[in-house]
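Breakdown of the fold
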Amino acid sequence: MRAVVFQTFGGPASIDVVAEPAIPSGGALIKVMATGVCRSDWHAWSGHDPGITLPHVPGHEFAGVVAAVGDEVLAWEVGDRVTVPFACGCGTCGSCAVGATNLCEREYQPGFSGWGSFAEHVAVPWADTNLVRLPDELDFVAAAGLGCRFVTAYWGLVDKAELRPGEWLAIHGAGGVGLSALLIGVALGARVAVVDVDESKLDRASDLGAHVVVDASAEDAVNAIRSVTGGGAQVSVDALGATETVHNSIRCLARRGRHIQIGLVIGEGRLLPIPMTRVISMELELHGTHGMPAHAYRNVFDLIGGSQIPLDRLVGNVIGLEEAPAALAAMATFSGVGTTVIDLTR
């Protein structure tokens with residue numbers, strides 16, 4: 001099969017012909033129809049994940065068709081249209097037993113724990129626990145655009161923050177995660193303020209329904225949000241992972257506000273200081289969110305269908321597999337508007 005392979009961290013990736021992955025006994029082989037290009041893939045390529053073994057095939061946001069199943073698989077057949085959470089659960093550990101398959105003690109992440117979806121086929125373990133059936137009306141490019149970004153934003157806003165109609169939601173960063181959070185917030189009836197330094201991204205946020213956009217290169221983001229919201233947002237999302245955006249997200253909250261950390265914090269930022277006095281004095285809540293369990297996808301599909309969320313407008317660029325190496329490297333520039341999706345049917 002053809003796949004995007006890199007031999008060194010940060011080095012050139014190429015399109016190579018490699019062997020198809022083996023099918024785990026309880027797993028499935030998926031023919032990849034479309035796969036998103038996510039900043040997490042860039043982190044993997046850059047060497048920020050110590051668990052990756054070289055050579056490596058990245059990719060974790062994919063949609064496709066079941067090509068084969070292992071002997072122990074009961075619920076799936078060849079030809080089923082599926083997607084998969086980026087954090088796959090074993091189905092039997094303590095976390096999985098209570099439904100938190102995204103926090104599995106034996107977690108498997110395609111594109112990190114093993115070879116990923118920048119390829120014609122990808123293997124998924126524990127298929128009966130992790131495969132998600134796609135609605136017939138949802139095409140593969142849109143489904144791949146959901147990726148980890150949309151569902152992680154959904155899980156953070158709905159399960160963790162319990163965002164309510166009429167509340168103010170602040171979003172720091174208008175990339176794929178930020179725009180996903182914007183669409184979800186609007187669908188849930190929240191008032192949404194989006195912060196970025198890129199005019200084109202702020203324009204897209206306005207087009208997608210943001211009530212307020214803040215150019216952080218021209219004004220203080222925290223003061224702007226606290227002003228427009230009358231004292232602070234009830235919920236705030238850091239969708240970038242920079243020290244400044246983490247702090248701004250916490251500092252822009254109203255009393256008893258809820259901060260959601262989605263953007264990956266790397267390097268020295270992993271141990272960044274938190275304004276804990278503010279957290280204590282204002283009774284703030286800080287939440288991490290790590291993907292979403294497979295069983296919760298039906299709620300996402302219900303929201304998409306009921307609210308007519310324009311998923312196609314989340315996708316900024318659709319490319320072929322040959323263009324994937326350049327798109328992966330370009331993630332370092334933060335220049336793309338919306339998500340980039342590789343269409344393997346091209």
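Quick look at the structure, then. All figures in this text were calculated on a predicted structure; none of them were measured in a lab.

1. Comments concerning the overall build of the chain
- Each helix and strand counted, the chain has 11 helices and 15 strands in total.
- For the chain, the C-alpha radius of gyration of 20 Å lies close to 20 Å, the compact-globule estimate for 346 residues.
- The contacts in the chain between residues at least 6 apart in sequence include a share of 70% that link residues at least 24 apart.
- In the structure as shown, the chain presents an accessible area of about 14,100 Å², 51% of it carried by carbon and sulfur atoms.
- Placing the 22 positive and 37 negative side-chain charges of the chain at their respective mean positions leaves the two points 7 Å apart.

2. A short note on helix α10 (residues 297-307)
- Inspection of α10 places Tyr297, Val300, Phe301, Leu303 and Ile304 among the buried residues, and these make up the whole buried set. All buried residues of α10 fall inside an arc of 160 degrees around its axis, so they share one side. Exposed residues on α10 whose side chains face more than 90 degrees from its buried face are Arg298, Asp302, Gly305 and Gly306.
- Residues of α10 that are buried make contact with β5 (81-83), β7 (132-133), α4 (140-160) and α5 (176-187).

3. Topic: unusual backbone geometry
- A cis geometry characterises the amide bond from Leu54 onward to Pro55, with omega recorded as -5 degrees.
- Relative to the assigned elements, Pro55 resides in the loop between α1 (39-46) and β4 (61-69).
- Even without a glycine there, the phi angle at Glu162 is positive, about 50 degrees.
- If you trace the backbone, Glu162 turns up in the loop between α4 and β8 (168-172).

4. Quick word on the environment of Leu284
- Tracing the backbone shows Leu284 in the loop between α9 (276-281) and β13 (285-288).
- Overall, the relative accessible area of 9% leaves Leu284 in the buried class.
- Once the C-alpha coordinates of Leu284 and Gln234 are considered, the two residues, 50 residues apart in sequence, prove to be 9.6 Å apart.
- When near neighbours in sequence (up to four residues on either side) are disregarded, Leu284 contacts Ile250, Leu253, Ala254, Arg256, Gly257, Arg278 and Val279.

5. Considerations on the pairing of β8
- The buried fraction of β8 amounts to 5 of the 5 residues, a majority that puts the element mostly inside the structure.
- Alternating residues of β8 divide into Trp168, Ala170 and His172 and Leu169 and Ile171, and every residue in both groups is buried.
- One ladder, built from 5 bridges, connects β8 with strand β9 (residues 191-196); its direction is parallel. Within β9, the residue paired with Leu169 across the bridge is Val192.
- When β8 meets strand β11 (residues 233-238), the two strands line up parallel, connected through 4 bridges. Looking at β11, one finds that Ala170 is bridged to Ser236.

6. A word on the environment of Ser307
- In this structure, Ser307 sits in helix α10.
- Under the relative-accessibility criterion, Ser307 is labelled partly exposed at 31%.
- Linking Ser307 and Leu188, residues 119 residues apart in sequence, is a C-alpha distance of 8.6 Å.

7. A look at the sheet that holds strand β10 (residues 212-215)
- Taken in spatial order, the 6 strands make up an open sheet running β10-β9-β8-β11-β12-β13, and their pairing is parallel. Unpaired on one side and paired on the other, β10 and β13 mark the two borders of the sheet. Direction aside, neighbouring strands of the sheet carry axes that sit 20 degrees apart on average.
- Against the sheet, α5 contacts β8 and β9, and its axis sits at roughly 170 degrees relative to β8.
- Helix-sheet contacts for helix α8 (residues 243-251) involve β8, β11, β12 (253-261) and β13, and the interaxial angle to β12 is about 145 degrees.

8. Quick notes on the packing of aromatic side chains
- All told, the structure shown has 2 aromatic pairs when counted by the stated rule.
- Residues Phe6 and Phe9 carry aromatic rings whose centres are separated by 6.2 Å and whose planes lie at 50 degrees to one another, so their mutual orientation is tilted.
- Exposure remark for Phe9: the relative accessible area of 35% places this residue in the partly exposed category.
- The ring centre of Trp42 lies 5.8 Å from the NZ or CZ of Arg39, which sits over that ring.
- Directly above the aromatic system of Phe140 lies the positively charged group of Arg81, at a separation of 4.5 Å from the ring centroid.

9. A word on the pattern of salt bridges
- Considering all chains together, one arrives at 8 salt bridges under this definition.
- Between Asp80 and Arg133 there is a salt bridge, and its shortest N-O distance comes to 3.4 Å. Here Arg133 lies in strand β7 and Asp80 lies in the loop between β4 and β5, a separation of 53 residues in the sequence.
- Judged by relative accessible area, which is 15%, Asp80 ranks as buried.
- Judged by relative accessible area, which is 45%, Arg133 ranks as partly exposed.
- Because the salt bridges share partners, they merge into one network encompassing Arg2, Glu120 and Glu322.

Definitions and cut-offs
Residues numbered from 1 in each chain as written. Predicted model: local features only at pLDDT ≥ 70, side-chain atom pairs only at ≥ 80, totals over all residues. Heavy atoms only, no water. Helix = DSSP H or I, 4+ residues; strand = E, 2+ residues; numbered from the N terminus. Rg over C-alpha atoms; globule rule 2.2 N^0.38 Å. Contact = heavy atoms within 4.5 Å. Areas by Shrake-Rupley, 256 points an atom, 1.4 Å probe, with all protein chains shown as cover. Lys, Arg positive; Asp, Glu negative; His and termini not counted. Charge placed at Lys NZ, Arg CZ, Asp CG, Glu CD. Buried < 20%, exposed > 50% of the residue type's maximum accessible area, 1.4 Å probe, protein only. Arc of directions from axis to C-beta. Pairing = 2+ DSSP bridges. Axes fitted to C-alpha atoms, helices over the stretch in contact; angles between N-to-C directions. Phe/Tyr/Trp six-rings, centres within 6.5 Å; stacked < 30°, edge-to-face > 60°. Lys NZ or Arg CZ within 6 Å of the ring centre and 35° of its normal. Salt bridge = Lys/Arg side-chain N within 4 Å of Asp/Glu carboxyl O.

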